[in-house]
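# Architecture and fold: a report
Single-letter residue listing:
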Amino acid sequence: MMRLELEYRYISGAYGTVFKGKNKKNDAVVALKRVRIPITDDGVPLSTIREVSLLKQIGTYRHPNIVQILDVCHGKRLEKELIMYIVFEHMEQDLSSYLDKCSRGAGIKSTEIRKIIHGILSGVEFLHLHRIVHRDLKPQNILLTESGVVKLADFGLAKTYDFDMKLTSVVVTLWYRAPEILLGMPYATPVDIWSVGCILGELYLLKPLFCGSSDSDQLMKILRILGRPKFEDWPQDISLKYDSLDVGEVGDLRNLIPNLCENGYDLMMKMLTFKYSKRITAGDALKHVYFSEEPLDT
Amino acid sequence: MSYYGSAGKYSNKMKDVIDVMELQREKNRKIQQLDYRKLDFAGGFTPARFIFECGMKLQGQPLTLATAAILMHRFFKEVDQSNYDCYLIAASTLYLAGKVKDDPLKIRDIINVAHNTLHRGNGPLEIGDEYWNMRDAIVQAELLIMRVLKFEVSITHPHKFMLHYLKSMEGWLGRDQWNAAPIARTAAAFLQDFHHDPSILDYAPQHVAIACISLALQCYGVRLPLIEDNDDEAWYSVFVKDLQKDRHWEIMEKVMEVYNKEPETS
Ligand SMILES: Nc1ncnc2c1ncn2[C@@H]1O[C@H](COP(=O)(O)OP(=O)(O)OP(=O)(O)O)[C@@H](O)[C@H]1O
Ligand SMILES: [Mg+2]
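Once a new chain begins, its residue numbering starts again from 1 and follows that chain's sequence as written. Chain A is the first chain written and ligand 1 is the first ligand written, with later ones labelled in order. Restriction of local features to residues with pLDDT of at least 70 applies here, the model being predicted, together with a cutoff of 80 or more for giving and counting side-chain atom pairs; totals for whole chains, interfaces and linings are based on all residues. Side-chain figures throughout are based on the complete set of non-hydrogen atoms in the structure, without hydrogens or water.

## Here's the deal with the overall build of chain A
Strands are runs of DSSP state E lasting at least two residues, helices are runs of H or I lasting at least four, and both sets are numbered from the N terminus onward. When you go through chain A residue by residue, the secondary structure sums to 9 helices and 8 strands. Buried means the residue's accessible area, taken with a 1.4 Å probe over protein chains only, is under 20% of the maximum for its type, while exposed means over 50%, and partly exposed covers the values in between. Residues counted as buried form 52% of the 298 residues belonging to chain A. Contacts: residue pairs with any heavy atoms within 4.5 Å of one another. Nonlocal contacts in chain A, meaning residues at least 24 apart in sequence, comprise 64% of its contacts between residues at least 6 apart. Surface accessibility in these figures is a Shrake-Rupley result with a 1.4 Å probe; residues are shielded only by whichever protein chains are displayed. Carbon and sulfur atoms provide 52% of the accessible area of chain A, an area that totals close to 14600 Å².

## Things to note about the environment of Ser-147 of chain A
Residue and element names in this part refer to chain A. Among the secondary structure elements, Ser-147 is positioned in the loop between strand S7 (142–144) and strand S8 (150–152). The exposure class assigned to Ser-147 is exposed, which follows from its relative accessible area of 56%. Here the alpha-carbon distance between Ser-147 and Leu-245, two residues 98 residues apart in the chain, equals 46 Å.

## Comments concerning the interface of chain A and chain B
Counting residues at the interface gives 20 residues for chain A, matched by 20 residues for chain B. A side-chain nitrogen of Lys or Arg and a carboxyl oxygen of Asp or Glu constitute a salt bridge if their distance falls within 4 Å. Taken together, the connections running from chain A to chain B amount to 3 salt bridges. Of the charged contacts, one joins Lys-150 of chain B and Asp-71 of chain A as a salt bridge, the two residues approaching to 3.4 Å between their closest N and O atoms. The term polar contact refers here to a pair of N or O atoms within 3.5 Å; inside protein, the definition further demands a hydrogen-donor-capable atom paired with an acceptor-capable atom, and it admits residues adjacent in sequence only when both atoms are side-chain atoms. Our count for the chain A to chain B interface comes out at 10 residue pairs in polar contact (both at pLDDT 80 or more).

## Thoughts on the coordination of the magnesium ion (ligand 2)
Residue and element names in this part refer to chain A. Coordination shells were defined by N, O and S atoms within 2.8 Å of each metal, extended to 3.2 Å for Na, K and Ca; water is absent from the atom set, which can make sites look incomplete. Only Asn-141 (OD1) and Asp-154 (OD) from the protein coordinate the magnesium ion (ligand 2), and they sit 2.0 to 2.3 Å from it. In this pair, Asn-141 is assigned in the loop between helix H3 (110–129) and S7 and Asp-154 in the loop between S8 and helix H4 (179–182), connecting sequence segments 13 residues apart. We classify Asn-141 as buried; its relative accessible area is 6%. Taking relative accessible area as the criterion, Asp-154 reaches 30% and is therefore assigned partly exposed.

## With respect to the pattern of salt bridges
Taken as a whole, this structure holds 21 salt bridges over all chains when the rule is applied. Put simply, Glu-180 of chain A and Arg-279 of chain A hold a salt bridge, and the shortest N to O gap is 2.9 Å. With Glu-180 of chain A in helix H4 and Arg-279 of chain A in the loop between helix H8 (262–271) and helix H9 (282–286), this pair connects stretches of sequence that are 99 residues apart. Across this residue pair, the class does not change: Glu-180 of chain A and Arg-279 of chain A are buried. Across the pair Arg-175 of chain B and Glu-170 of chain B runs a salt bridge, and its minimum N-O distance is 3.0 Å. Classification of Arg-175 of chain B as exposed rests on a relative accessible area of 58%. What makes Glu-170 of chain B partly exposed here is its relative accessible area of 21%. Sharing partners across several salt bridges, the network here consists of Asp-35, Arg-37 and Lys-38 of chain B.

## A short note on the pairing of strand S3 (residues 29–38) of chain A
All names here are of chain A. Note: two strands are recorded as paired if DSSP finds a minimum of 2 bridges between them. Examined bridge by bridge, strand S2 (residues 17–23) and S3 share 6 bridges and lie antiparallel to one another. Residue pairing in the sheet places Lys-22 in a bridge with Val-29 of S3. Connecting S2 to the antiparallel partner S3 that follows it, the hairpin turn spans 5 residues, and Asp-27 within it adopts a positive phi of roughly 65 degrees. Bridging between S3 and strand S5 (residues 81–89) involves 9 bridges; their strand directions are antiparallel. Following the sheet pairing, Ala-31 is matched in S5 by Phe-88.

## Comments concerning the domain arrangement of chain A
All names here are of chain A. Domain boundaries shown here were taken from an automatic or database domain assignment. Along its sequence, chain A is organised into domain 1 (4–89) and domain 2 (93–138 + 173–291). For domain 1 versus domain 2, the distance between C-alpha centres works out to 29 Å. The interface is formed by 6 residues belonging to domain 1 together with 7 residues belonging to domain 2. Each of two parts loses accessible area, computed with a 1.4 Å probe, when they are put together; buried area is these two losses added. Regarding the contact of domain 1 and domain 2, the summed buried area is about 640 Å², with carbon and sulfur atoms giving 79% of it. Sorting the residues of domain 1 by area buried against domain 2 places Ile-58, His-63 and Asn-65 first, and these three jointly supply 54% of that buried surface. Counting every contact that joins domain 1 to domain 2 gives 0 salt bridges. The interface formed by domain 1 and domain 2 includes 0 residue pairs in polar contact (both at pLDDT 80 or more).

## Some thoughts on unusual backbone geometry
At Asp-27 of chain A, a residue that is not glycine, the phi angle is positive and equals roughly 65 degrees. Within the element layout of this structure, Asp-27 of chain A appears in the loop between S2 and S3. For Gln-59 of chain B, which is not glycine, the phi torsion reads 60 degrees and is therefore positive. Since its relative accessible area comes to 67%, Gln-59 of chain B is described here as exposed.

## Details of the side chain of Ser-237 of chain B
If you trace the backbone, Ser-237 of chain B turns up in the loop between helix H10 (205–219) and helix H11 (245–258). A distance of 2.9 Å separates the side chain of Ser-237 of chain B from the backbone oxygen of Ala-234 of chain B, its partner in a polar contact.

## Some details on the confidence of the model for chain B
If pLDDT is low for a region, its predicted coordinates should not be looked at in detail. Residues and elements named next belong to chain B. Residue-level confidence of the predictor is summarised by pLDDT, bounded by 0 at the bottom and 100 at the top. Looking at chain B as a whole, the pLDDT averages 86, with 83% of positions reaching at least 70. The low-confidence segment residues 1–11, where pLDDT is below 50, has 14 contacts with residues more than four positions distant or belonging to other chains. Overall fold confidence for the complex sits at a pTM of 0.77, while the interface term, ipTM, reaches 0.72.

Below, the structure is given as structure tokens:
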């Protein structure tokens, strides 16, 4: 087992706490995520067992756009929970802090944006191939290496740490949530594509695309920019009726993001398609001309 | 060294295979009432036996039982076996395997079946101190197993490869010839029985699947059309490219050895 030295408290997330540490054996810097595993009368929950082993299995593929899991260690055993440390390769920064820096500076080159989105989509495609829905893609959960390689983090354990396990002080952001989640409908892999669409916009805009403060406010913010969906694309079996939707004046995404090129706009609209069954898949998005066109720097 | 080089050795092997078939049949004929308390660990054979007996009584899925056996063997590979009660570990791997395979087995049923299998003829365990102690012990052991295995509890089984290979072979042979001999059933029985031996951990699941099918083919003397089994090309080379002939024989031997480890009925 790795001997680890905790250097300092790093960043605290909603469900766990991430530390920076050092592997005493080889001096490698690692990130440690502390998670609490609830233990009931029936032992370790089935979902935890399946997810942790999935996480380990996923790690064996060493996908370049998935943060590498190095080890899983156990910590303290309390009466009703087990503390567990998941050891990851340490990454330079997350996309959220990168965006902060860039918004204060000269923005992000479009070639760089293309590279980032391509990396995110490759990671998402890989997860989806393994039937994993990330469900919480957002800049804080996307990590960058020093050389700018993108890796997805914070997936897999999501189910286990659902709402009851949340530390109350931290608000979970809704800004990257797909309409089907906001409407409380069953959802699958397309929710991740929606999130990538939001992130694509944000990289050009340098601020989040849709900043709602509640489920319904989030939905309104989306519709006010994208417009009311077609009647046939509105779900039948929900309480919110199509006719009651008062969207008001609709903004234009093109005016909002003037520096977005034609192909980028096309891809973004395919990712921000309201009806999930019509939304582009990760595999198809990766084949979009946006990624093969002559790079234009804007 | 190739076993195929010597005809004498080859026919000896065949005799072994036929003996093994006899053993397999015999095993199914008499329901053995092993007294587990009198048996020793036997390299993991005994707790594996216990897993399959309890697991079948619990009507667990075959893959759940296979998972439990593999987890048990992996656990004992990491620890000093004499420090643990191998039946407690066996019962706990069954419980854990049910969760891993999404085929949950009730802890209460596991406790009852394990208790009755260890203490034959006794009635169900009363809900009392003994029950609660056992329940607590299983929950603790489950966590211990998870830790010792470093949370790596999902397994790639030979079964799915075997199924795929058998399907193709059925196509080559044609339905009539395929149905003439119970190849699939026999191969599956060999595979299940091989889970009694920790050496199953040493081989790729694809290779284990091939070796069990080979044994079944040989038992019934089935030859595959268009495939000359010669020194250069093995029948299975369409399925796996990286299985050397002597390795193939080695696995087959290991499978056969399982039948020599069968404990005497008391
Ligand atoms: N491997 C890593 N290297 C460097 N920093 C990391 C690493 N993993 C996570 N972080 C930092 O820690 C933060 C929280 O990590 P993570 O998202 O995995 O935990 P979380 O508790 O689930 O957070 P939340 O639920 O709020 O998204 C990330 O936003 C990132 O800034
Ligand atoms: Mg996070």
